[in-house]
Amino acid sequence: MDQVTLVVVRAVESGATTTKAIIDATGLSRLKVDRALNALEKQKLLFRQGQGSWALGIPASAPTVRECGTCTLCCKVLEVTDLGKPVNTVCSHIMTGGGCNIYHERPRQCRGFSCAWLQGHLDDDWFPEASGMVPHFSLDALNVQVDLDYRDRWREEPYFSKLAELSLNGLRVTAKRAYATLVIVGNEKYLMLGRTIVPDPTLYGTAFAPITHDTFRYWKARSLEHLARLNDRVIEIQRIQQEFGYCALPEDDDPQPPYRPALLELSKTMHG
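Residues numbered from 1 in each chain as written. Predicted model: local features only at pLDDT ≥ 70, side-chain atom pairs only at ≥ 80, totals over all residues. Heavy atoms only, no water.

## Thoughts on the pattern of salt bridges
Charged atoms that come close allow side chains of opposite charge to pair.
Argument step 1. Tallied over the full model, the rule gives 18 salt bridges.
Argument step 2. Note that aspartate 253 and arginine 222 form a salt bridge whose closest N and O atoms lie 3.2 Å from each other. With aspartate 253 in the loop between α8 (224-244) and α9 (260-271) and arginine 222 in the loop between β9 (216-220) and α8, this residue pair connects regions lying 31 residues apart in the sequence.
Argument step 3. A relative accessible area of 47% places arginine 222 in the partly exposed class.
Argument step 4. One salt-bridge network, held together by shared partners, links Arg222, Glu225, Arg229, Asp253 and Asp254. (Salt bridge = Lys/Arg side-chain N within 4 Å of Asp/Glu carboxyl O. Helix = DSSP H or I, 4+ residues; strand = E, 2+ residues; numbered from the N terminus. Buried < 20%, exposed > 50% of the residue type's maximum accessible area, 1.4 Å probe, protein only.)

Have a look at this one:
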């Protein structure tokens, strides 16, 4: 999936469900957005809903091995556009004691949804009704939607360490399926890079370089061109580390080529 398509995916995940809203959120041209939407639709990763809106198809990456039981947290914290239900609002169709009174006629969004706990990816600590969180995989991310009644639960143990572990798994080059780990708390979003938390990540992505095995220095991109420059500098950092065993990690977030001279000078200054 190319960078333009990824930006479109992130925009839809962030709530931009119409073509105009995606254009406004990304700053991309209509031609690029239309091409990305058409490609995603052909791959059955995106589908058209009523009233000219788009929604992501959510593939189940593992067979369902559990049952929801009394849990209806996804019916509270997630948006259901077909029902006009916003995020963090209890659905009017929830039955007393659990379940849905329109289950057999429920919208496609609900039919296609299966949380990561239900799929068997997480242990019983993550049962959404008890944890106050609904973790679920989308096209390129593990999204953790947090109940506002428990807004800091994800920072507590054993959840934070597990999220750090999952994020590292998604970042590995050798991963079968690369993914970002995003925590959503109301209007706040956090990207996890191991134990490093990136507040308010942009639609265009985040470049990063390791400090330790589970912490990172990061730089947030403001455009696709900016992301390309940031990533090119990260590649140069890796080359210098391989050659000399050390490279200083710069603080500035707007690098211009050539990157090597500035990195070598900074490394010399900081390394003595």
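On we go from here.
## Here's the deal with the side chain of threonine 5
Argument step 1. Relative to the helices and strands, threonine 5 is located in helix α1 (residues 3-13).
Argument step 2. Given the relative accessible area of 8%, threonine 5 is considered buried.
Argument step 3. Polar side-chain contacts of threonine 5 include one of 2.7 Å to the side chain of aspartate 2.
Argument step 4. Aside from chain neighbours lying at most four places away, what touches threonine 5 is Ala36 and Leu40. (Polar contact = N/O pair within 3.5 Å; in protein donor to acceptor, adjacent residues only side chain to side chain. Contact = heavy atoms within 4.5 Å.)

## Comments concerning the environment of glycine 97
Argument step 1. Assignment of secondary structure puts glycine 97 in the loop between α4 (74-77) and α5 (108-111).
Argument step 2. Linking glycine 97 and proline 255, residues 158 residues apart in sequence, is a C-alpha distance of 56 Å.

## What to know about the sheet that holds strand β5 (residues 180-185)
Argument step 1. Strand order across the open sheet formed by five strands is β3-β4-β5-β6-β7, with mixed pairing between neighbours. Bordering the open sheet on either side are β3 (133-137) and β7 (196-199), each of which pairs with just one other strand. Adjacent strand axes in the sheet meet at a mean angle of 25 degrees when their direction is disregarded.
Argument step 2. Where strand β6 (residues 188-193) and β7 come together, four bridges link them in antiparallel fashion. Looking at β7, one finds that methionine 192 is bridged to isoleucine 197. (Pairing = 2+ DSSP bridges. Axes fitted to C-alpha atoms, helices over the stretch in contact; angles between N-to-C directions.)

## Focus: the pairing of β9
Argument step 1. Where strand β8 (residues 206-210) and β9 come together, five bridges link them in antiparallel fashion. Bridging from a neighbouring strand, proline 210 pairs with phenylalanine 216 of β9.
Argument step 2. Following β8, the chain reverses through five residues before pairing antiparallel with β9.

## What to know about unusual backbone geometry
Argument step 1. The peptide bond linking glutamate 157 to proline 158 adopts the cis configuration, its omega dihedral lying at 10 degrees.
Argument step 2. With respect to the secondary-structure elements, proline 158 resides in the loop between β4 (141-146) and α7 (159-171).
Argument step 3. The omega torsion of the bond from proline 257 to proline 258 falls at 0 degrees, within 30 degrees of zero and hence cis.

## Regarding the packing of aromatic side chains
Argument step 1. Across all of its chains, the model carries five aromatic pairs by this definition.
Argument step 2. Summarising the aromatic geometry, the rings of tryptophan 117 and phenylalanine 127 are spaced 4.8 Å apart at their centres and angled 55 degrees between planes, so their arrangement reads as tilted. Linking tryptophan 117 in the loop between α5 and α6 (128-131) with phenylalanine 127 in the loop between α5 and α6, this pair joins segments that are ten residues apart in sequence.
Argument step 3. Here the aromatic rings of phenylalanine 137 and tyrosine 179 are separated by 5.5 Å at their centres, their planes lie at 85 degrees, and the arrangement is edge-to-face. Here phenylalanine 137 is found in strand β3, whereas its partner tyrosine 179 is found in the loop between α7 and β5, with 42 residues between them in sequence.
Argument step 4. Using a relative accessible area of 13% as the deciding quantity, one classes tyrosine 179 as buried.
Argument step 5. Taking NZ or CZ as reference, arginine 155 lies 5.3 Å from the ring centre of tyrosine 190, over its face.
Argument step 6. Over the aromatic face of tryptophan 219 sits the side chain of arginine 233, whose NZ or CZ is 5.0 Å from the ring centroid. (Phe/Tyr/Trp six-rings, centres within 6.5 Å; stacked < 30°, edge-to-face > 60°. Lys NZ or Arg CZ within 6 Å of the ring centre and 35° of its normal.)

Spatial relationships are all this shows, so hold off on functional conclusions.
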